[in-house]
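Residue-level listing of the chains:
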Amino acid sequence: MKKNFLLIFMVSVLFTGCHSFHDYVVESDYSYKSNFKKYKTYGYMIESNPDPYTTQNTELIRKSVDFRMKLLGYKFSDKKPDLLLNYKIFNSNFEFQGYNQLKIEDWLKQEEEDEEYDPIKYKLSNGTLLIQFVDNRRRSIVWQGYASGINPSSYASNDRIIRNAVISIFDQFKVFALGYSIENPN
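Cut-off values and rules
Residues numbered from 1 in each chain as written. Predicted model: local features only at pLDDT ≥ 70, side-chain atom pairs only at ≥ 80, totals over all residues. Heavy atoms only, no water. Helix = DSSP H or I, 4+ residues; strand = E, 2+ residues; numbered from the N terminus. Buried < 20%, exposed > 50% of the residue type's maximum accessible area, 1.4 Å probe, protein only. Contact = heavy atoms within 4.5 Å. Areas by Shrake-Rupley, 256 points an atom, 1.4 Å probe, with all protein chains shown as cover. Salt bridge = Lys/Arg side-chain N within 4 Å of Asp/Glu carboxyl O. Polar contact = N/O pair within 3.5 Å; in protein donor to acceptor, adjacent residues only side chain to side chain.

Q: Help me get a handle on the overall build of the protein chain, residues and values and all.
A: If you tally the helices and strands in the protein chain, you get six helices and eight strands. When burial is assessed residue by residue, the protein chain has 42% of its 186 residues classed as buried. Considering only intrachain contacts with a sequence separation of at least 6, the fraction spanning at least 24 residues in the protein chain is 82%. Counting only carbon and sulfur atoms, one obtains 52% of the accessible surface of the protein chain, whose full area is about 10900 Å².

Q: I'd like a description of the pattern of salt bridges, backed by residues and values.
A: Using the criterion set out here, one finds three salt bridges in the structure. Between Glu95 and Lys123 there is a salt bridge, with its nearest N and O atoms 2.9 Å apart. A residue pair is termed long-range when its members are at least 10 positions apart, and Glu95 in strand β5 (residues 94-99) and Lys123 in strand β6 (residues 119-124) qualify at 28 residues. A residue is classified by how much of its surface remains accessible, and Glu95, at 48% relative accessible area, is partly exposed.

Q: Report on the environment of Thr128, specifying residues and quantitative values.
A: Inspection of the secondary structure puts Thr128 in strand β7 (residues 128-135). The spatial distance from the C-alpha of Thr128 to the C-alpha of Val25 is 8.9 Å, given a sequence separation of 103 residues. One polar contact links Thr128 to Ser148, side chain to side chain, over a distance of 2.9 Å.

Shown next, in the form of structure tokens:
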């Protein structure tokens, strides 16, 4: 089992390297007030006003997200999960407030809450997929990743585009669940 998991993880990483988003903006940012070392479960938020681009791709987005969360050791729970995930496909250009930060795995090594945010404006293009993690207890966004510049009509015609967008976004989030290790994935 351990060898199978490690093989799947390595193939996933190799596949990601072969399918990078050179023409797209792929970024993420996180909250300095979050405690990523305590999260082990996740669930999904229910959107009150879903748009057609997101709705028609919900099953594939969730399947792709579930795969990546499982690789990181997170368990799905519909009863009080640590993290609530939200996602949306935007079908127009817009500006987005992000932050210039260390990679999350580098920040976790030092984990300074006093860190100052360095805001940066991104011009995100038509077809942006945004994935947000909300701390369920605090009700605040603790991480968000986005892939921009993917024509929304191509999402409907090619499942691989969504899978690659999710992979690219999750390449920005390299945080294992509480108590999880590659050597002992249970």
